[in-house]
Amino acid sequence: MHGLTLQDAIVRVAAFPEGDRLLTVRAACFGPEAEVASARLVPRRHAAPPPDGLWDIDLVSGEAAADGGPVTWRTLTFTGEADWCEGVRLHSAGAVLEHRMAPHPAQLAPRPMAARGWTPPAPASPPARRRFDLFRLALDGTAAAMILAGLALLPLALPANASEPAASLHGDRHHHPMGTATLP
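All values reported here derive from a predicted model rather than from experimental measurement. (Residues numbered from 1 in each chain as written. Predicted model: local features only at pLDDT ≥ 70, side-chain atom pairs only at ≥ 80, totals over all residues. Heavy atoms only, no water.)

Peer 1: Before we go on, may I ask you to explain the overall build of the protein chain in this structure?
Peer 2: Across its full length, the protein chain carries three helices and seven strands. Each helix and strand of the protein chain, placed in order from N terminus to C terminus, yields the pattern β-β-α-β-β-β-β-β-α-α. For the protein chain, with 184 residues in total, the buried portion stands at 20%. Sequence separation of 24 or more characterises 63% of the internal contacts of the protein chain that already satisfy a separation of 6 or more. (Helix = DSSP H or I, 4+ residues; strand = E, 2+ residues; numbered from the N terminus. Buried < 20%, exposed > 50% of the residue type's maximum accessible area, 1.4 Å probe, protein only. Contact = heavy atoms within 4.5 Å.)

Peer 1: Could you clarify how one ought to interpret helix α3 (residues 134–153) in this entry?
Peer 2: Quick reminder: α-helices carry 3.6 residues per turn. Residues three or four places apart thus point the same way. If you check α3, its first and last C-alpha atoms are 29 Å apart, about what 20 residues at 1.5 Å a residue would give, namely 28 Å. For α3, the N-terminal capping position is held by D133, with its side-chain oxygen 3.4 Å away from the main-chain nitrogen of F135. (Expected span 1.5 Å × (residues − 1). Polar contact = N/O pair within 3.5 Å; in protein donor to acceptor, adjacent residues only side chain to side chain.)

Peer 1: How do you make sense of the side chain of D58 when you look at a structure like this?
Peer 2: Along the polypeptide, D58 turns up in strand β4 (residues 54–60). Within the structure, the side chain of D58 is placed 2.8 Å from the side chain of R44, a separation counted as a polar contact. Residues within four places of D58 in sequence aside, it is in contact with R40, L41, V42, R44 and H91.

Peer 1: Mind showing me how you'd approach the pairing of strand β6 (residues 87–92) here?
Peer 2: If a strand is regular, its side chains alternate between the two faces of the sheet. Across the six residues that make up β6, a large majority, six, are buried. Neither face of β6 is left uncovered, since the one carrying G87, R89 and H91 and the one carrying V88, L90 and S92 both have all their residues buried. Bridging between β4 and β6 involves five bridges; their strand directions are parallel. Pairing of W55 across the sheet is with V88, part of β6. Hairpin connection between β6 and strand β7 (residues 95–100): a loop of two residues separates the two successive antiparallel strands, and G94 in this loop has a positive phi of roughly 80°. (Pairing = 2+ DSSP bridges.)

As structure tokens, this is what we get:
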């Protein structure tokens, strides 16, 4: 059995003017298709805040998958009040992801973006040189020889009388269809 695993996680904290904080965790869950479909993040409830300040969250699934099933992924989300929380520890089969938040609330605020001016585009780099390929040269030479041979054989494909005057194609000019001769 493969079991569920967490690949990565994004942890965000929203601070409200009243002093409350809301924690949002988004994690990518990988594993057998049936288990991933029923997977969820379940927080552990603490009677008192833990000494390290990390909130333990478990990855659980209600389905047990048979071996050899298709493997897939899904994004899971957990949201909860985070008044005492200084980070999270995500537990999955054989892996633990830990994320600590900034210790000062001022560091959680977004920084103003610097004004970006126009910068000219970088000059185009010269094309990369390809290395010499003997096989490609042989194929190109063979193709050129076949084209030239086809052009050389083209006159042989024309009818034998194509170079004679047009009058011979319509019969003798001096012979009348009725059997009488006509003078030019």
